[in-house]
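Here's the letter readout for the chains.
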Amino acid sequence: MEQNQRIEQFRQMAEADPDNELGHFSFGKALLEAERFADAVAPLARAIELRPAMSKAYQLLGQAYDGSGNREQAVEMLTKGALVADEQGDVMPRETMARILGEWGAEVPVFKSAEASGSGGSAEGSASAEGFRCSRCGRPDGQLAKPPFKGELGTKVFDHVCNGCWQEWIPMGTKVINELSLVLSTPEGAQSYDQYMLEFLQLEEC
Ligand SMILES: [Zn+2]
């Protein structure tokens, strides 16, 4: 799909459903990809306002600030975002934000998880298996009983998303189909739908 067409779709989605963080996030992300940095700031800030735990949105907002020549606010946003990601157990966004801060010569925050693993001597040790943690809300419990649908993506959802977040996605998925007039029987429609699911459930970097 053409970039401008996508931007326009997401703009409509954000406008039609102003309290839905997914519309604002996707709108801001599309603007960022089009290097419309200054335009991307407001929708990404709105996504964070609606869902302060959305660590990836801080990363994108930091990049939008930086791209529009505002390094100071970019550093502030990435610092905040890295700490949110740390709190949520979102390893990839945390590492990305820490790396960018390092590249900019900014101070990289001290992470809880680093403190925990650095303390040593716990009975669990480093041998403990990596437990379940929801990629969206960060909860360590509430895993689904089984993959919600077949295929690779279904397994990914099962491995990384809690039941509560999955239940939130179902009506959101219906909204996405209606607002973007997706036809799931076409490859483009199915691909867009999956992309929204990945973004909403914060599965992109799992
Ligand atoms: Zn969850």
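Source: prediction; values computed, not measured. Each residue is numbered by its place in its chain's sequence as written, counting from 1. Restriction of local features to residues with pLDDT of at least 70 applies here, the model being predicted, together with a cutoff of 80 or more for giving and counting side-chain atom pairs; totals for whole chains, interfaces and linings are based on all residues. Only hydrogens and water are set aside; all other atoms, that is, all heavy atoms of the structure, feed into the side-chain values.

Each metal's donors comprise the N, O and S atoms found within 2.8 Å of it (within 3.2 Å for Na, K or Ca). Water is not part of the atom list, so some coordination spheres may appear incomplete. Coordination of the zinc ion by the protein involves C134 (SG), C137 (SG), C162 (SG) and C165 (SG), with metal-donor separations of 2.3 to 2.4 Å. Geometry is assigned from donor-metal-donor angles: four donors are tetrahedral when every angle falls between 85 and 135 degrees, four are square planar and six octahedral when opposite donors sit over 155 degrees apart with all other angles between 65 and 115, and any other arrangement is irregular. In this structure, the zinc ion is surrounded by 4 donor atoms whose angles at the metal cover 106 to 114 degrees, and the resulting shape is tetrahedral.

Turning our eyes to something else, we now look at helix 1 (residues 3-16). Every helix listed is a DSSP run of H or I at least four residues long, and every strand listed is a run of E at least two residues long, numbered separately from the N terminus. An expected span of 1.5 Å times one less than the residue number is assigned to each helix. End to end, helix 1 covers 20 Å across 14 residues, agreeing with the expected 20 Å (1.5 Å per residue, within 8%). When we look at burial in helix 1, the residues that qualify are I7, F10, M13 and A14. End-on view of helix 1: buried residues confined to an arc of 125 degrees, all on one side of the axis. Facing away from the buried side of helix 1, by more than 90 degrees, are the exposed residues N4, E15 and A16. Contacts made by the buried residues of helix 1 are with helix 2 (21-33), helix 9 (163-179) and helix 10 (187-200). Exposure categories follow from relative accessible area, calculated using a 1.4 Å probe and restricted to protein chains: below 20% of the type maximum is buried, above 50% is exposed, and the middle band is partly exposed. Directions from the helix axis toward the C-beta atoms define the arc. The criterion used for residue contact is that any of the two residues' heavy atoms lie within 4.5 Å.

Attention now moves to the pattern of salt bridges. In the sections that follow, a salt bridge refers to a side-chain nitrogen of Lys or Arg positioned within 4 Å of a carboxyl oxygen of Asp or Glu. Enumeration over the complete set of coordinates arrives at 17 salt bridges. When the shortest N-O distance is used, the salt bridge between E8 and R11 registers 2.5 Å. One end of the pair, E8, and the other, R11, are both in helix 1, 3 residues apart, so they sit about a helical turn from each other. The class of E8 is partly exposed, set by a relative accessible area of 32%. For E15, the salt bridge is made with R11, and the minimal N-O distance between the two is 2.7 Å. One end of the pair, E15, and the other, R11, are both in helix 1, 4 residues apart, so they sit about a helical turn from each other. A relative accessible area of 56% means that E15 is categorised as exposed. Connected via shared salt-bridge partners are R6, K29, E33 and E199.

Once that is clear, we can look at the packing of helix 2 against helix 10. The N-to-C vectors of helix 2 and helix 10 enclose an angle of 105 degrees; their axes lie 11 Å apart at closest approach. As the angle between them shows, helix 2 and helix 10 are arranged roughly perpendicular. On helix 10, the residues that touch E21, L22, F25, S26 and K29 of helix 2 are Q195, Y196, E199 and F200. Note that Gly is not counted as nonpolar here; it falls among the polar residues with everything else outside the nonpolar set of Ala, Val, Leu, Ile, Met, Phe, Trp, Tyr, Cys and Pro and the charged set of Asp, Glu, Lys and Arg. Within the contact of helix 2 with helix 10, the residues separate by chemical class into 4 nonpolar, 2 polar and 3 charged. Convention adopted: a line fitted to C-alpha atoms gives each axis, helices being fitted over their contacting stretch, and angles between N-to-C directions are expressed from 0 to 180 degrees. Under this scheme an angle from 65 to 115 degrees is roughly perpendicular, one under 35 degrees roughly parallel, and one over 145 degrees roughly antiparallel; angles in between are oblique.

Here we come to helix 3 (residues 37-50). For helix 3, built from 14 residues, the straight-helix expectation of 20 Å at 1.5 Å per residue is met to within 8% by its first-to-last C-alpha distance of 20 Å. Those residues of helix 3 that fall on the buried side of the exposure criterion are A40, V41, P43, L44, A47 and I48. Here the buried face of helix 3 lies against helix 2, helix 4 (55-67) and helix 5 (71-88).

These domain boundaries are the output of an automatic or database domain assignment. Here the domain parsing of the protein yields domain 1 (1-116) and domain 2 (133-206). Counting residues at the interface gives 25 residues for domain 1, matched by 19 residues for domain 2. What counts as buried area is the accessible surface, traced by a 1.4 Å probe, that two parts surrender upon association, with contributions from both included. Overall, the association of domain 1 and domain 2 removes approximately 1700 Å² of surface from exposure, summing both partners, and the carbon and sulfur fraction of that is 44%. On the domain 1 side of the contact with domain 2, M13, L22 and R51 bury the most area, a combined 29% of that side's loss. Applying the counting criterion to the domain 1 and domain 2 interface returns 3 salt bridges. In this structure, the salt-bridge partner of K29 is E199, at a minimum N-O distance of 2.8 Å. Contacts described as polar in this section are N or O atom pairs within 3.5 Å, which, within protein, must combine one atom able to donate a hydrogen with one able to accept it, while residues neighboring in sequence count only if both atoms come from side chains. Viewed at the interface, domain 2 and domain 1 are joined by 5 residue pairs in polar contact (both at pLDDT 80 or more). Where the side of domain 1 that touches domain 2 is concerned, the elements lending two or more residues are helix 1, helix 2, helix 4, helix 5 and helix 6 (91-103). By residue number, the principal contributor to the side of domain 1 that touches domain 2 is helix 2, which donates 5 residues.

What follows is about the packing of aromatic side chains. Only Phe, Tyr and Trp rings take part, Trp by its six-membered ring, and two of them pair if their centres are within 6.5 Å. Stacked means planes under 30 degrees apart, edge-to-face means over 60, and tilted covers everything else. Evaluated as defined, the whole model comprises 4 aromatic pairs. Note on F149 and W166: the rings are 5.8 Å apart at their centroids and 35 degrees apart in plane angle, and the pair reads as tilted. With F149 in the loop between helix 7 (112-119) and helix 8 (151-160) and W166 in helix 9, this pair connects stretches of sequence that are 17 residues apart. The class for F149 is partly exposed, based on a relative accessible area of 27%. Of the residues examined, W166 reaches a relative accessible area of 10% and is grouped as buried. Considering the side-chain rings of W169 and F200, the 5.5 Å spacing of their centres and the 45 degrees angle between planes classify their relative orientation as tilted. Highlighted residues: W169 in helix 9 and F200 in helix 10, separated in sequence by 31 residues. Two thresholds decide whether a charge sits over a ring: the Lys NZ or Arg CZ must be within 6 Å of the ring centre and within 35 degrees of the ring normal. One cation-aromatic arrangement involves R136 over F200; the distance from NZ or CZ to the ring centre is 4.1 Å.

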